[in-house]
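# Chain and residue survey
Residue-level listing of the chains:
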Amino acid sequence: PSSLPLLSAPSSLPSSLPSSLPSSLPSSLLLPVDCVTRGADLAQDRSLVLCPPACTQGRVSVFGTRTFASVSSVCGAAIHRGVLGPSGGPVRVHKLPGRHNYLSSLSHGVQSQALSHWSSSFSVTSRQNPFGPVLQTTKKPTKKKLTVKKALTTGNKDCKIDIAMVIDSSNNIGQRRFNLQKNFLIKLAAMLKVGQTGPHIGVIQASDTPRTEFLLTNYTQPKELLFAIKELAYLGGDSNTGRAITHTTETFFNQESGGRRGYPRVMVVLIDGWPSDSLEQAAMLAREFGINVFLVSVAKPAPEELPMVPDKDFMKKAVCRDNGFFSYGIPSWFSTTKHVKALSQRLCSLDSLVCSKSCFNSVNIGFLIDGSSSVGHGNFQLVLEFLAGVAGTFDISDVGARIGAVQYTYDQRLEFGLLDHPTKDDVLAALRRISYMSGGTATGEAISYCAQNLFRRTAPGRNFLIVVTDGQSYDDVRRPAMEARAQGITIFSVGVAWAPLDDLRAMSSEPKDSHTFFTRDFSGLSELVPVLVRGICRDFSEKN
């Protein structure tokens, strides 16, 4: 469940748990447990437990994939992980810190569940293969080893990026080359030096339908990450890379999935041969979201294969910029090793990641809200919800998009400035708290007020004013709007009910038709959200 509090157990967990487990047993001794014993019930950081047989016959609760929330059944997690069979046996349990985004999956007959956040985790390995988490030695490290340990934990501080690896899992590549692809990915991840303050990596598989294997924050220690890549299973199917790019763009980099504010977003797309679907629209969406798409083409189509390729320019259309920097060709999967260093250097060239800035993370948007008596309390709330819908589309932060709001009648009231609320949640809450003024309508003076008080710093191509009004202004709107536009402010006019079209067009930026919107009823405002957002992004792209 996505809305669980941090320290409350999910309702699907069994209520009958062992009342106590020994806390002083050496980790080398087997500790008998039952099928519902949780990771949280074990006192030691490393435990060797003995699971009973037939734990899959009863219902076991497991949350996560590879790394499990501590409220999971230890034996159920071990069966899911493939280190324990139906006859039971010994399992090593390694306690780990808590994390976000535990992923659900079906494995070895056990269906694990997703969990948004938990305070502690654990992993399981077989008794014969004690592959534990990083830094588990009891030997006192030398000063030199301590330095290496710190580097592994923090990562490459000169390469602070979030990377989505979209890998080819189609029939094109086959099992053998899929394994070579995983080896390449392991070497690339090792070269990038993943760590808490360095690069973060997540993986998505492109097949018939895209599948997220793990998110950016699931594995931030090198040893865990490399092991997770090694365990990826081949899917087969069509090479629907365009669908995978769209899926990654829309779901992968938000803060709920582990995306970090202010860190460049990078998507590395690996393709064996050519894709089954179109990449153009998917790549355009990625650019609008500020994602730097690199395309690594391995074993490009031979001349005799070109007639079978639907779009021969797929590489040019897929990348962030068609300038040679974001396209990388490798002749064969057998020669990928010698390309690891060169590709990692490109990914970490932060100044060259020119797609990082987009309309979604770079614009300043001011809402100018008509609070006159003709609007009414109920309709005013519909206006606020409309504006919240627009604001919610953008990546609002102290280093991203900024939102401000002014309400007006004959007077003007600065509800909040562009710098007042640095998070999306704060902005949405502030919008919904705005109280209705009621009064006359002086839109011209309100536009001048915004130009002087809301947009204090000029930012050509980045400052946008959204005017929402339901009627005739008692003052002139043409001159204030012209002066605001001359200041570099792009104006969109949104009229409702009795708002005169002539006034709306007089306020709007050129071309008038694409900057002027009208709906007869306040309930129709919600339908204008996507159109208005597309207009803002179009203007931003044209001017930047």
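Residues numbered from 1 in each chain as written. Predicted model: local features only at pLDDT ≥ 70, side-chain atom pairs only at ≥ 80, totals over all residues. Heavy atoms only, no water.

### Topic: the overall build of the chain
When helices and strands are tallied, the chain shows 15 helices and 20 strands. Expressed as a percentage of its 544 residues, the buried residues of the chain come to 53%. Counting only contacts in the chain whose residues sit at least 6 apart along the sequence, the fraction spanning at least 24 positions is 76%. Counting only carbon and sulfur atoms, one obtains 52% of the accessible surface of the chain, whose full area is about 24,000 Å². (Helix = DSSP H or I, 4+ residues; strand = E, 2+ residues; numbered from the N terminus. Buried < 20%, exposed > 50% of the residue type's maximum accessible area, 1.4 Å probe, protein only. Contact = heavy atoms within 4.5 Å. Areas by Shrake-Rupley, 256 points an atom, 1.4 Å probe, with all protein chains shown as cover.)

### Concerning the sheet that holds strand 20 (residues 516-519)
Across the sheet, which stays open at both edges, the six strands sit in the order 17-16-15-18-19-20 with mixed pairing between neighbours. Edge positions in the sheet fall to strand 17 (412-416) and strand 20, since each has one partner strand and no second. Here the average twist between neighbouring strands, direction ignored, is 20 degrees. Pairing analysis gives six bridges linking strand 15 (residues 364-370) to strand 18 (residues 463-469), with the strands arranged parallel. Each bridged residue has a counterpart across the sheet, and for Ile369 the counterpart in strand 18 is Val468. (Pairing = 2+ DSSP bridges. Axes fitted to C-alpha atoms, helices over the stretch in contact; angles between N-to-C directions.)

### What about helix 11 (residues 424-432)?
Since the α-helix advances by 3.6 residues per turn, residues separated by three or four positions end up pointing in the same direction. When helix 11 is considered as a whole, its buried residues turn out to be Val427, Leu428, Ala430 and Leu431. One side of helix 11 carries all its buried residues, which in axial view fall inside an arc of 160 degrees. Buried-residue contacts for helix 11 involve strand 15, helix 10 (377-391), strand 16 (402-408) and strand 17. (Arc of directions from axis to C-beta.)

### Considering the state of the cysteines
Overall, the coordinates contain five disulfides when judged by the stated rule. A sulfur-sulfur separation of 2.1 Å characterises the disulfide bridge that pairs Cys35 with Cys55. Note on the Cys35 and Cys55 pair: the S-S dihedral is about -90 degrees, so by sign convention the disulfide is left-handed. Here Cys35 is found in the loop between strand 1 (30-32) and strand 2 (46-51), whereas its partner Cys55 is found in the loop between strand 2 and strand 3 (64-65), with 20 residues between them in sequence. Taken individually, Cys35 and Cys55 each receive the classification buried, so the pair is uniform in this respect. Paired by a disulfide, Cys359 and Cys537 hold their sulfur atoms 1.8 Å apart. Taking the sign of the S-S torsion, 55 degrees for the link of Cys359 and Cys537, the bridge is right-handed. Of the two residues, Cys359 is situated in helix 9 (residues 359-362) and Cys537 in helix 15 (residues 529-543); the sequence distance between them amounts to 178 residues. Of the two residues, Cys359 and Cys537, both sit in the buried class. (Disulfide = S-S within 2.5 Å.)

### What about the sheet that holds strand 11 (residues 211-214)?
The strand order across the open sheet built from six strands is 11-10-9-12-13-14, with neighbouring strands paired in mixed fashion. Here the strands that pair on one side only, and so sit at the sheet edges, are strand 11 and strand 14 (327-330). Pairwise comparison of adjacent strand axes, ignoring direction, gives a mean angle of 20 degrees for this sheet. Two elements, strand 9 (residues 162-168) and strand 10 (residues 200-206), share seven bridges in a ladder whose sense is parallel. Within strand 10, the position partnered with Ile163 by the bridge is Ile201. Contacts from helix 5 (residues 241-251) reach strand 9, strand 10, strand 11, strand 12 (265-272) and strand 13 (291-298) within the one sheet, and its direction differs from that of strand 12 by about 165 degrees.

### Observations concerning the nonpolar core
Membership of the largest hydrophobic core comes to 65 residues, with the highest contact counts inside it found for Ile163, Met165, Leu192, Val268 and Leu347. With eight residues, helix 3 (residues 174-192) is the single largest residue contributor to this core. Apart from residues lying up to four places away in sequence, Leu192 is in contact with Asn156, Cys159, Ile163, Met165, Pro199, Ile201, Ser344, Leu347 and Cys348. Judged by nonpolar contacts, the second largest core, of 44 residues, contains Val363, Ile365, Phe367 and Ile466. (Core = buried A, V, L, I, M, F, W, Y, C linked by side-chain atoms within 4.5 Å.)

### Quick word on the packing of helix 3 against helix 4 (residues 222-230)
For any two helices packed against each other, one specifies the inter-axial angle together with the distance between the axes. The N-to-C vectors of helix 3 and helix 4 enclose an angle of 170 degrees; their axes lie 9 Å apart at closest approach. By the angle between their axes, helix 3 is roughly antiparallel relative to helix 4. Residues Lys182, Leu185, Ile186, Ala189 and Ala190 of helix 3 pack against Leu225, Leu226, Ile229 and Lys230 of helix 4. When the residues that make up the contact of helix 3 with helix 4 are grouped by side-chain class, the tally is seven nonpolar, no polar and two charged. (Parallel < 35°, antiparallel > 145°, perpendicular 65-115°, else oblique. Nonpolar A, V, L, I, M, F, W, Y, C, P; charged D, E, K, R; others polar.)

### Description of the pairing of strand 16
Counting buried positions over the seven residues of strand 16 gives six, a clear majority of the element. Inspection of the sheet shows strand 15 paired to strand 16 by seven bridges, in the parallel sense. Following the sheet pairing, Ile369 is matched in strand 16 by Gln407. Once you follow strand 15 into helix 10 and on to strand 16, the crossover reads as right-handed. Here strand 16 runs beside strand 17; their pairing, made up of four bridges, is antiparallel. Bridge pairing in strand 17 links Ala405 to Phe416. Where strand 16 folds back on strand 17, the antiparallel hairpin that results is connected by three residues. (Right-handed = clockwise from strand over helix to strand, strands pointing away.)

### Side note on the environment of Thr443
If you trace the backbone, Thr443 turns up in helix 12 (residues 443-453). Assessed through its relative accessible area of 2%, Thr443 is described here as buried. On a C-alpha basis, the gap between Thr443 and Tyr408 in space is 7.5 Å, while along the polypeptide they are 35 residues apart.

### Quick notes on the packing of helix 3 against helix 8 (residues 340-347)
Running from N to C, helix 3 and helix 8 point in directions that differ by 55 degrees, and their axes come no closer than 9 Å. Taken together, the axes of helix 3 and helix 8 are oblique relative to one another. Every pair of crossing elements has a handedness; the one defined by helix 3 and helix 8 is right-handed. Packed against helix 3, whose contacting residues are Phe184, Lys187, Leu188, Met191 and Leu192, the element helix 8 presents Val340, Lys341, Leu343, Ser344 and Leu347 at the interface. Of the residues in the contact of helix 3 with helix 8, the class split is seven nonpolar, one polar and two charged. (Left-handed = near helix turned anticlockwise from the far one by under 90°.)

### A few points about the pairing of strand 15
Burial analysis of strand 15 places seven of its seven residues in the buried class, which makes it a mostly covered element. In strand 15, alternate side chains face the same way, and those of Asn364, Gly366, Leu368 and Asp370 on one face and Ile365, Phe367 and Ile369 on the other are all buried.

### Some details on the packing of aromatic side chains
Counted by the stated rule, this structure contains 13 aromatic pairs. With centroids separated by 4.7 Å and ring planes inclined at 50 degrees, the aromatic side chains of Phe294 and Phe326 adopt a geometry described as tilted. Of this pair, Phe294 sits in strand 13 while Phe326 sits in the loop between helix 7 (314-318) and strand 14, and the two are 32 residues apart along the sequence. Aromatic side chains Tyr410 and Tyr474 sit 5.7 Å apart centroid to centroid with 50 degrees between the ring planes, which places their arrangement in the tilted category. You can see Tyr410 sitting in the loop between strand 16 and strand 17 and its partner Tyr474 sitting in the loop between strand 18 and helix 13 (478-486), a full 64 residues away along the chain. In this structure Tyr474 comes out as exposed when scored by relative accessible area, which is 62%. In this structure an aromatic cluster arises from ring pairing among Phe289, Phe360 and Phe394. In this structure, Arg99 is placed above the aromatic ring of Tyr219, and the distance from its NZ or CZ to the ring centre is 5.4 Å. (Phe/Tyr/Trp six-rings, centres within 6.5 Å; stacked < 30°, edge-to-face > 60°. Lys NZ or Arg CZ within 6 Å of the ring centre and 35° of its normal.)

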